[in-house]
Amino acid sequence: MSFRESEERQALRTAAAELGRRYGYEYYVQQARSGGHTTELWQEAGKLGYLGVNLPEEYGGGGAGIGELSTVLEELGAAGCPLLMMVVSPAICGTVIARFGTDEQKQRWLPGLADGSLTMAFAITEPDAGSNAHKLTTTARRDGDDWVLSGRKVFISGIDVADAVMVVGRTEDARTGKLKPALFVVPTEAPGFEWQGIDMELVSPDRQFSLFFDEVRLPADALVGSEDAGLLQLFAGLNPERIMASAMATGTARHALDKAVAYVKERSVWSTPIGAHQGLSHPLAQIKIELELARLMTQKAAFLYDSGDDTGAGEAANMAKYAAAEVSTRAVDQAVQSLGGNGLTTEYGVASMVAAARLARVAPVSREMILNFVAQNALGLPKSY
Amino acid sequence: MNIVVLVKQVPDTWSERKLSDADHTLDRASADAVLDEINERAVEEALLAKEAQGGEVTVVCMGPERANEAIRKALSMGADSAVHVSDEALHGSDAVQTARTLAAAIGTLESVDLVIAGNESTDGRAGAVPAMVAELLGWPQLTYARKLDTDGQSVSIERESDAGVATVEANLPALVSVTEKINEPRYPSFKGIMAAKKKPVSTLSVADVGLSADEVGLGSAPTQVVSSAPAPPKEAGVKVTDEGEGGVQIVEFLSGQKLV
């Protein structure tokens, strides 16, 4: 292994950063506040192949890995315009379909997910089940060859821009009668499928929704992969999700840190720039260190995942997500502090990042669930739940 | 049609650029090196012509080993192959020597129809190399193009200068230099990035292009930099408080600077 990125990845990083800078945070905020979407950026990134770098070449992807995909997202985030749906569409859904889908499913979805012409949302969380796949109540029952899906999902990102959603539901085991998780692709126009926006205090063009499935009839091939291996397949998609969430958070942290550093270099209150004072330079230096550590763990998780080590990647991805969320929250907070009153203005574009940066501590898995995971798995401590 | 694009690696315009104290040549270690932006536009224009007319785009670059990165960028945008003239002896070459080297490198290629260059680099800014290369090749030069059309037989440009806009035409082969108004360069696609490494880059020495080491480089350069000094720090601007006369004062300032 090497700590130096390949030439190709460096070139991809530079190219994604340049693309991101052309849109930037102002574009992102303007879309967010006007009820718009980041469609132009999404389409342009898609055409350039940046959204599908991890998907197989034979289905229009770049044939690289989550390491490359997360690089794109980190750079877009650092430029101020992260594409949240990258976490979901190519990373979770694309991965699951590429790894477990039938040839027909791959043909149907992957080329579109790779070039951005199709977007697939992902729905796991339920009002009473958090992210606990064992407690999900959205259920699919067989009816002839079809599936009939019923249930509710909540905090689902980007359903308004999606063509379909991958739903984590449960099916009844024919032998034991027990429910087990299974993944279904539901087109957004399917009869019986409705959704409603959730008002959020996030400044983000990516919105959140409650989904309602009322006896939604799906063809047999809506089921992705095996009916019996749903949980395994689900976890295969969740490692990329966490790695991508980490990359998005480190990108956000970089954006905030860059703004803070630029400001404290320029701003002089007495004779020196305020960045010379250790009250500001030390917290910013500390964030820089924590940021690099979070990036390193994200890259490690991606490396393990891309080399086929799902188990090793799981622990690293969770730790990376923890570290990235902490540093994105702290970076934005310190940026506000560094800019003083300007940190809370609309003009300087820092305060508007507060809630979105904070989101990384809550989703896609909460900080506390990660600590539980590490306590139990890495430390062997007993479970309280 | 076969198109050659002349590209140069330059220090990033956003970084602090320095000349070395010893010989007043560019201190390449002090700044990030990038493909000059004007060259990205030249590559873009070549790719557009290739997409319309078919053919091949070859990048020709003179520079140290590291200039390979700039070449790679052009290849990742879609150019087909590259010629890299890289030789210690070239260090400190001036515009004339650079033009001779580039013309000689173009001479190693078969049947070139069109050479596209940026009008001037962001580091040297002499703006002379494209014209010199055309002269050495004995081809028509169409400089300062803000628009380029070619049908594979001839080339026509809109030439924009302080004096106005003129339409200039020439039969091929010819050389065109482009300004920053010519286009918006594309970003390299991921496929382009992955393919760039596999594209042929021939690295040539000064001897390989048919020149001798004593014709190039600082020692024999026809022009010499005698001294250099850092640019003076920016002076504080004039602040005008608008008390109803702001517009008039701005116009007075601009006309005082002969800008309007």
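Residues numbered from 1 in each chain as written. Chains lettered and ligands numbered in written order. Predicted model: local features only at pLDDT ≥ 70, side-chain atom pairs only at ≥ 80, totals over all residues. Heavy atoms only, no water.

**Q** Can you help me understand the UniProt feature "domain: Electron transfer flavoprotein alpha/beta-subunit N-terminal" (unreviewed entry) in chain B in this one?
**A** Per the UniProt record, the feature "domain: Electron transfer flavoprotein alpha/beta-subunit N-terminal" (unreviewed entry) sits at residues 23-213 of chain B. Between the C-alpha atoms that bound residues 23-213 of chain B there is a distance of 18 Å. The span itself is 29% helix and 29% strand. (UniProt positions renumbered as here; feature names shortened; annotations may be inferred. Helix = DSSP H or I, 4+ residues; strand = E, 2+ residues; numbered from the N terminus.)

**Q** Help me out: how do you make sense of the interface of chain A and chain B in this one?
**A** Interface extent is often summarised as the accessible area lost during association of the parts. The partner chain B presents ten residues to the 18 residues of chain A that form the contact. When chain A packs against chain B, the two sides together hide about 1,200 Å² of surface, and 61% of this comes from carbon and sulfur. Ranking the residues of chain A by area buried against chain B places E8, E18 and L48 of chain A at the top, with a combined share of 42%. Residues E7 of chain A and R72 of chain B are paired through a salt bridge, measuring 3.9 Å at the closest nitrogen-oxygen approach. The interface formed by chain A and chain B includes five residue pairs in polar contact (both at pLDDT 80 or more). Here the element with the most residues in the side of chain A that touches chain B is helix α1 (residues 7-33) of chain A; it accounts for eight residues. Each residue belonging to the side of chain A that touches chain B can be placed in one class, and the counts come to eight nonpolar, four polar and six charged. (Contact = heavy atoms within 4.5 Å. Buried area = accessible area lost by both parts, 1.4 Å probe. Salt bridge = Lys/Arg side-chain N within 4 Å of Asp/Glu carboxyl O. Polar contact = N/O pair within 3.5 Å; in protein donor to acceptor, adjacent residues only side chain to side chain. Nonpolar A, V, L, I, M, F, W, Y, C, P; charged D, E, K, R; others polar.)

**Q** How should the environment of V129 of chain B be read in this particular structure?
**A** As for its position among the elements, V129 of chain B is in helix α4 (residues 129-137). Excluding anything up to four places from it in sequence, V129 of chain B contacts A95, T98, A99 and L102 of chain B.

**Q** Is there a simple way to explain the UniProt feature "domain: Acyl-CoA dehydrogenase/oxidase N-terminal" (unreviewed entry) in chain A in this structure?
**A** The feature "domain: Acyl-CoA dehydrogenase/oxidase N-terminal" (unreviewed entry), as annotated in UniProt, sits at residues 6-116 of chain A in this numbering. End C-alpha atoms of residues 6-116 of chain A are separated by 25 Å, and the span's content is 70% helix alongside 0% strand.

**Q** Just to check I follow, could you spell out the domain arrangement of chain A for this structure?
**A** Residue and element names in this part refer to chain A. Under the domain assignment, chain A is made up of domain 1 (7-118), domain 2 (122-227) and domain 3 (231-378). With both chains or domains summed, domain 1 and domain 3 bury close to 2,200 Å², and 65% of this area falls on carbon and sulfur atoms. For domain 1, the biggest contributors to the area lost against domain 3 are Y25, I66 and E74; these three give 26% of the whole. Between the two partners, domain 1 and domain 3, sit four salt bridges. We note a salt bridge from R99 to D310, for which the minimum N-O separation is 2.9 Å. Applying the counting criterion to the domain 1 and domain 3 interface returns eleven residue pairs in polar contact (both at pLDDT 80 or more). Secondary structure elements with two or more residues in the side of domain 1 that touches domain 3: α1, α3 (66-78) and α4 (85-100). For the side of domain 1 that touches domain 3, the leading source of residues is α3, giving ten residues. For the side of domain 1 that touches domain 3, a count of residues per class yields 15 nonpolar, six polar and six charged. (Domains from an automatic or database assignment.)

**Q** What should I look at first to understand unusual backbone geometry in this one?
**A** Peptide bonds are mostly trans, and most non-glycine residues show a negative phi. Of note, the amide linkage connecting A363 of chain A to P364 of chain A takes the cis form, showing an omega dihedral of 0°. Structurally, P364 of chain A can be placed in the loop between α9 (354-362) and α10 (367-378). Backbone torsion omega between L172 of chain B and P173 of chain B reads 0°, so that peptide bond is classified as cis. Along the chain, P173 of chain B falls in the loop between β9 (164-171) and β10 (174-178). The phi dihedral of F155 of chain A falls on the positive side, at around 55°, and the residue is not glycine.

**Q** Which parts of the structure should I look at to understand empty space enclosed by the protein?
**A** Which parts of space are left empty comes out when a probe the size of a water molecule is rolled across the atoms. By the definition in use, this model includes two cavities of 30 Å³ or more. Its boundaries defined by the atoms lining it, the largest cavity holds a volume of some 90 Å³. What lines the largest cavity is R9, R13, G67, S70, T71, E74, A247, T250, R295, T298, Q299 and A302 of chain A. Listed by contribution, the elements that provide at least two residues to the lining of the largest cavity are α1, α3, α6 (230-266) and α7 (278-306) of chain A. Looking at the lining of the largest cavity residue by residue, the classes come out as two nonpolar, six polar and four charged. A domain split of the lining of the largest cavity shows at least three residues from each of domain 1 (7-118) and domain 3 (231-378) of chain A. Approximately 70 Å³ is the volume found for the second largest cavity. In terms of lining, the second largest cavity is formed by Q9, V10, P11, L26, D27, R28, A31, A33, P64 and R66 of chain B. (1 Å grid on protein atoms, 1.4 Å probe; cavity = no way out; pocket = protein on both sides within 12 Å on 5 of 7 lines; lining within 4 Å. Points joined across faces, edges and corners; volume = space filled by probe spheres on them.)

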